[in-house]
Each structure stands twice: as C-alpha cells, then as structure tokens.
Amino acid sequence: RPPPTSTPDYIRRQRQMCIRDSTRTAIRTVRESFSDGALSIDETDGISVEFDDWRFNLRASNTEPVIRLNVESRGDAALMKDRTAALLATVDALT
C-alpha cells in the first residue's frame with residue numbers, strides 16, 4: 001500500500017532523516033512504540049499506521065540512505081506536531 005495520501009480533512013507534515021542504524025530496526029522500533037490503539041497497520045512499504053485522528057508512514061528511501069516520515073492529522077495541527085516530535089524522538093534515539 002502506498003503512503004497515506006492527503007485528503008481535504010487531513011493536514012500533512014513530511015520529514016526525512018539520515019539514519020546510521022538499519023532502517024529495518026527503525027521501522028521495527030517505531031512499530032513496537034506506536035502500535036497500541038492503531039486502527040490498522042500495513043507493512044507493505046515500510047510501515048503505515050492509522051489511528052482515529054492521525055496516521056503516519058515511515059519508509060526507507062530506495063535511492064538515499066535515509067528514511068522518510070509522513071504524518072497526517074484530521075485538521076489538528078497541534079496533534080500532528082506532537083506525534084511528529086514523538087516519532088522523530090523514537091528514531092533519533094537509535095542514532
């Protein structure tokens with residue numbers, strides 16, 4: 001499944017991070033940390049996790065040594081900022 005796409009009621013934030021550790025380790029760690037309460041989890045392309053009012057996709061780049069993070073919320077910029085910070089802190093702790 002491709003990364004979540006923005007719909008009119010979602011606002012989106014994208015980040016790209018260099019990672020020295022394995023991207024698989026990063027994806028596994030994020031899955032372990034953010035799976036509680038998820039409505040759906042799809043690991044077709046990295047990991048896509050959806051909750052009631054926000055969702056994210058974390059995947060490895062095919063062309064660069066980075067992982068890409070897309071976070072969306074249903075019109076709640078503060079929630080999106082908070083969830084993005086939590087996801088980034090989880091990945092940053094690995095480097």
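Heads up: these notes are all about the structure in this document.

Rules used in this analysis
- Residues numbered from 1 in each chain as written.
- Predicted model: local features only at pLDDT ≥ 70, side-chain atom pairs only at ≥ 80, totals over all residues.
- Heavy atoms only, no water.
- Helix = DSSP H or I, 4+ residues; strand = E, 2+ residues; numbered from the N terminus.
- Buried < 20%, exposed > 50% of the residue type's maximum accessible area, 1.4 Å probe, protein only.
- Contact = heavy atoms within 4.5 Å.
- Areas by Shrake-Rupley, 256 points an atom, 1.4 Å probe, with all protein chains shown as cover.
- Phe/Tyr/Trp six-rings, centres within 6.5 Å; stacked < 30°, edge-to-face > 60°.
- Salt bridge = Lys/Arg side-chain N within 4 Å of Asp/Glu carboxyl O.
- Expected span 1.5 Å × (residues − 1).
- Arc of directions from axis to C-beta.
- Polar contact = N/O pair within 3.5 Å; in protein donor to acceptor, adjacent residues only side chain to side chain.

1. Some remarks on the overall build of the protein chain
Right, so step 1: On a plain count of helices and strands, the protein chain comes out with two helices and five strands.
Right, so step 2: Starting at the N terminus and walking to the C terminus, you meet the elements of the protein chain as β-α-β-β-β-β-α.
Right, so step 3: By residue count, 40% of the 95 residues in the protein chain fall in the buried class.
Right, so step 4: Summarising the internal contacts of the protein chain: among those between residues at least 6 apart in sequence, 57% fall at separations of at least 24.
Right, so step 5: Looking at the protein chain as shown, the accessible area adds up to about 5400 Å², and 46% of this sits on carbon and sulfur atoms.

2. Here we look at the packing of aromatic side chains
Right, so step 1: Counted by the stated rule, this structure contains three aromatic pairs.
Right, so step 2: Arranged with centres 6.0 Å apart and planes meeting at 75°, the rings of Phe 34 and Phe 56 form a pair that is edge-to-face. On the criterion of sequence distance, the pair formed by Phe 34 in helix H1 (residues 23–34) and Phe 56 in strand E4 (residues 54–60) is long-range, its members being 22 residues apart. Grouping residues by exposure puts Phe 34 and Phe 56 together as buried.
Right, so step 3: An angle of 5° between the planes, with centres 4.6 Å apart, marks the rings of Phe 51 and Trp 54 as stacked. You'll find Phe 51 and Trp 54 in the same group, each marked buried.
Right, so step 4: Through pairs of rings, three or more aromatic residues link up here, namely Phe 34, Phe 51, Trp 54 and Phe 56.

3. Re the pattern of salt bridges
Pairing between side chains of opposite charge can happen when their charged atoms approach one another.
Right, so step 1: Summed over all chains, the structure comprises five salt bridges.
Right, so step 2: With a shortest N-O distance of 3.8 Å, Arg 28 and Glu 32 are connected by a salt bridge. One end of the pair is Arg 28 and the other is Glu 32, both in helix H1 and four residues apart, which spans about a single turn.
Right, so step 3: A residue is classified by how much of its surface remains accessible, and Glu 32, at 56% relative accessible area, is exposed.

4. Some points on helix H2 (residues 77–92)
Right, so step 1: The end-to-end C-alpha distance of H2 is 22 Å, a good match for the 22 Å that 16 residues give at a rise of 1.5 Å each.
Right, so step 2: Taken together, the buried positions of H2 are occupied by Leu 79, Met 80, Thr 84, Leu 87, Leu 88, Thr 90 and Val 91. One side of H2 holds all its buried residues, which, seen down the axis, span an arc of 160°. H2 presents Ala 78 and Lys 81 as exposed residues on the side facing more than 90 degrees away from its buried surface.
Right, so step 3: Taking the backbone nitrogen of Ala 78 as reference, a side-chain oxygen 3.2 Å away marks Asp 76 as the first, capping residue of H2.

5. With respect to the environment of Val 30
Right, so step 1: Within the secondary structure, Val 30 sits in helix H1.
Right, so step 2: Sequence separation between Val 30 and Val 49 is 19 residues; the distance between their C-alpha atoms is 10.0 Å.
Right, so step 3: Dropping the residues within four chain positions of it, Val 30 is found in contact with Phe 56, Leu 58, Leu 87, Thr 90 and Val 91.

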